[in-house]
Amino acid sequence: MSARVLVVDDDLTIAEVVGDYLRDAGLETRHAADGRSALSLAEEWPPDLVVLDLMLPGIDGLEVCKRLRAAHERQRPLPVIMLTALGEEADRVLGLETGADDYVTKPFSPRELALRVQAVLRRAAVAAETAAAPPEPFRAGRFEVDVAARRIRRDDRELVLTVREFDLLAFFLSHPGRAFTRPELLELVWGWSFGDLSTVTVCVRRIREKVEDTPTAPVHLQTVWGVGYRWETDPR
Amino acid sequence: MSAQAQIILIAAGCAGAVGAMGIAAAWLLRRASLRLSFQVASAIAVLAVVAGTLGTANAMFISQHDLRVVGMVCVVAGLVAFGFCWLLGRQVETSSLALRRAARSLGQEETGFCEPAGPMAAELAALSEELAATARKLQDSRERERRAERSRRQLVAWVSHDLRTPLAGLRAMAEALEDGIASDAGRYHKQIRAEVIRLSAMVEDLFELSRIESGTLNLSPDQLEARDLVSDAVASMEPLARARGVRLTGEAGSALLIQADARELSRALANLVTNAIRHTPEDGRVQVTATAEAGGVLIAVADGCGGIPDADLASVFDLTWRGTRARTPAADGGAGLGLAIVRGIVEAHRGRVSVVNAGEGCRFEVRLPAVAPRGGGGSGDGDGRRTRPAGLLIPGL
Ligand SMILES: Nc1ncnc2c1ncn2[C@@H]1O[C@H](COP(=O)(O)OP(=O)(O)OP(=O)(O)O)[C@@H](O)[C@H]1O
Ligand SMILES: [Mg+2]
């Protein structure tokens, strides 16, 4: 059975074009023009993903997002891609508890949106698998990583990390010696196929302060000039 | 009790009674004109003398003749004092009238501030000085406002022109496609998409500018290394440079810490690097560097544009200023917003941006204040720590 995508937007042109692209990608889609009909439609036709406009007549997009997720009775949260207009502080939308998994700013490329929908669906499937069988704890040089317990130790001392810092550091520790660009990290760690790249820069800087002896002369989390960042577990 | 002491006592009693009347008069006169107050003051002074004299004269049994003499002297002295106070009151009245006229002229646009003429009491002169200073400040801010208004009107005119030009093309192409008479439909489709992307970028720039201008540019500053910023800028601009056949290189010392909003500063840096790549001929070179400088960090973008004419150096940061004066956008020409945005962002970070001609081309320099390294572990995600820069005028006005 192909995945179901619910498109919620009061702009009919946008909804139609997005629907065409998603059907072309082999997905099933339905359309709702406002929050209320989106909620009732989701009840009789439970979607696997929702493309949701933030600015909706009646109930606001974030509220719709919250109610859709509350009604969604599965272990995994319902993935949501938010459509925002310029100036609606898209990063705020992502940061919120009820926030989206990804967002696009209008005007956007429907081609790109379709690719993102597929990426988020893929990721949700992978997340479901790994949730069933979390990776084994492992040791890398001075570091001990336990992803299931969300714990990283350095020289037997536990590091105090935020969620994103943990994700990024754990990712680096399991992929040593390879340079990653910022867009790659944003996609692989944050799960955003698009977003503010400087988020990565800031997170890298914060991790360095916690894992490096001299944060301004990093030996583990190195800057690869003009490319991105690389982790070295055993720097010479 | 000696006669002398007696005289003093009696005089004090009589003059004191008049003084008490004076206090009552002063209270009654608190809202009266200065002139009347002066007049009353002179009368009180003379009356006090007269009362004291009469009192002591009575007690001392001075001859009637002597008393009359004293009385006459008092009347003459009283008249002189009265006249003098009248003159003084008139003087004060004239000055205060002049001040009033001056104050009324304050803020009047046609005539401007007319300073009160003629000599004036020290206190009033000081007040007049203050008024003049306020008038100058008002004049300055009005002038600034006028310039901002002119620039804004110009911006609207240019922007609507810049928006209309691609819209005309879009409309023409869309109609041609609709009517099926486009000779090369595929090319039209691509061109429509490219135009729309360009228009979107312009709208986004305008939005950023308005945030800078209104002071609602929310910075979430973080301690960053200039080296990472430069490296990241080079990494994300490399594809554009390669497509243009321009060699893009970066170089930075380590441990150059700055306190900055990573997103906004990256945007400023990206604007500078895009400009540099655009204005550098094929096989040219663009170099981004970060170096330590007294009290701060210098991030420089040097290109191979062949130099900006000296006369233009001062204007490049001005809103909507573009090198080619023609307002028809070239294939990849911008709206002249890029550098104004750079300046707004850098100044919101308490930095400075400037440009000099150097080597093969020009060099844009961003100076940011340095910070001391933060001790110990980092803080949380920092989303809560937002500072609001002071309201900035659109740069270059
Ligand atoms: N690196 C550079 N070398 C030579 N000239 C430059 C350089 N950067 C800017 N200029 C000149 O300054 C003008 C203003 O630049 P600015 O970035 O503000 O606008 P723009 O690039 O024309 O448009 P926008 O950035 O809004 O797309 C440019 O048109 C160009 O003439
Ligand atoms: Mg520019």
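For the structure, check the block above.
It should be emphasised that the depicted structure is a prediction, and the values quoted were computed from it without experimental measurement.

**Side note on the side chain of A:Thr223**
Mapping A:Thr223 onto the fold places it in strand E11 (residues 221-224). Within polar-contact distance, the side chain of A:Thr223 engages the side chain of A:Arg208 at 2.7 Å. At 2.7 Å, the side chain of A:Thr223 forms a polar contact with the side chain of B:Asp228. Excluding residues within four positions of it along the chain, A:Thr223 makes contact with A:Arg208, A:Gly228, A:Tyr229, B:Arg227, B:Asp228 and B:Ser231.

**Remarks on the packing of helix H6 (residues 226-244) of chain B against helix H7 (residues 262-279) of chain B**
Residues and elements named next belong to chain B. Direction vectors running N to C along H6 and H7 enclose 30°, while the axes themselves pass 10 Å from each other. Our classification of the angle between H6 and H7 gives roughly parallel. Crossing hand, H6 versus H7: right-handed. Taking contact as the criterion, the partners of Leu229, Val230, Ala233, Met237, Leu240, Ala241 and Arg244 in H6 are, on H7, Ala262, Leu265, Ser266, Leu269, Ala270, Val273, Thr274, Ile277 and Arg278.

**Some thoughts on the site of ligand 1**
Residue and element names in this part refer to chain B. Around ligand 1, the structure places 19 residues, and the nearest of them are Asn275, Asp303, Gly323, Leu337 and Leu339. Between ligand 1 and Gly336, the relevant distance is 2.9 Å, taken from an oxygen atom to a main-chain nitrogen or oxygen of the residue. Between ligand 1 and Gly338 there is a distance of 3.0 Å, counted from an oxygen atom to a backbone nitrogen or oxygen. Contact with the protein chains hides 89% of the accessible area of ligand 1, taken as 590 Å² for the molecule alone. Among the elements of the structure, H7, helix H9 (338-348) and strand E7 (361-369) are those that each provide at least two residues to the shell around ligand 1.

**Concerning the packing of aromatic side chains**
Here the structure, examined in full by the defined rule, presents six aromatic pairs over all chains. Ring geometry for A:Phe143 and A:Trp231: centres 5.4 Å apart, planes at 70°, overall edge-to-face. Here A:Phe143 is found in strand E7 (residues 143-146), whereas its partner A:Trp231 is found in strand E12 (residues 228-231), with 88 residues between them in sequence. By relative accessible area, A:Phe143 is classed as buried at 0%. The exposure class assigned to A:Trp231 is buried, which follows from its relative accessible area of 0%. When the ring of A:Phe172 is compared with that of A:Phe180, the centres are 6.4 Å apart and the planes differ by 65°; the resulting orientation is edge-to-face. There is no split in this pair, since A:Phe172 and A:Phe180 are both buried. Taken together, the ring pairs in this structure connect A:Phe143, A:Phe171, A:Phe172, A:Phe180 and A:Trp231 into an aromatic cluster. Of note, B:Arg30 hangs over the ring of B:Trp27, and the distance from its end group to the ring centre comes to 4.3 Å.

**Re helix H2 (residues 35-44) of chain A**
Residues and elements named next belong to chain A. Buried residues of H2: Gly35, Ala38, Leu39, Leu41 and Ala42, and no others. Looking straight down H2, one finds its buried side chains confined to an arc of 170°; they lie on one side. The exposed set on the far side of H2, more than 90 degrees from its buried face, consists of Arg36, Glu43 and Glu44. Next to the buried residues of H2 lie strand E1 (4-8), strand E2 (28-32) and helix H3 (61-71). At the N-terminal end of H2, a side-chain oxygen is found 3.1 Å from the backbone nitrogen of Arg36, two or three residues along, and the residue is Asp34.

**Observations concerning the nonpolar core**
Counting 57 residues, the largest nonpolar core has B:Leu248, B:Ile299 and B:Phe364 as the members making the most contacts within it. When residues in this core are grouped by element, the largest group, eight residues, is from H7(B). Every residue in contact with B:Phe364, bar those within four places of it in the chain, is listed here: B:Leu272, B:Ile299, B:Ala300, B:Val301, B:Ile308, B:Val316, B:Phe317, B:Leu339, B:Ser354 and B:Val355. In terms of nonpolar packing, the next biggest core, distinct from the first, is built from 27 residues, A:Phe143, A:Trp192, A:Val200 and A:Val204 among them.

**Focus on the pairing of E7(B)**
Residues and elements named next belong to chain B. Relative to E7, strand E5 (residues 296-302) runs antiparallel, the two being bridged by seven bridges. The residue of E7 that forms the bridge with Ile299 is Val366. Sheet analysis places strand E6 (residues 352-358) next to E7, joined by seven bridges and oriented antiparallel. Opposite Asn357, over in E7, you have Cys362 as the bridge partner.

What counts as what
Residues numbered from 1 in each chain as written. Chains lettered and ligands numbered in written order. Predicted model: local features only at pLDDT ≥ 70, side-chain atom pairs only at ≥ 80, totals over all residues. Heavy atoms only, no water. Helix = DSSP H or I, 4+ residues; strand = E, 2+ residues; numbered from the N terminus. Polar contact = N/O pair within 3.5 Å; in protein donor to acceptor, adjacent residues only side chain to side chain. Contact = heavy atoms within 4.5 Å. Axes fitted to C-alpha atoms, helices over the stretch in contact; angles between N-to-C directions. Parallel < 35°, antiparallel > 145°, perpendicular 65-115°, else oblique. Left-handed = near helix turned anticlockwise from the far one by under 90°. Near = heavy atom within 4 Å. Areas by Shrake-Rupley, 256 points an atom, 1.4 Å probe, with all protein chains shown as cover. Phe/Tyr/Trp six-rings, centres within 6.5 Å; stacked < 30°, edge-to-face > 60°. Buried < 20%, exposed > 50% of the residue type's maximum accessible area, 1.4 Å probe, protein only. Lys NZ or Arg CZ within 6 Å of the ring centre and 35° of its normal. Arc of directions from axis to C-beta. Core = buried A, V, L, I, M, F, W, Y, C linked by side-chain atoms within 4.5 Å. Pairing = 2+ DSSP bridges.

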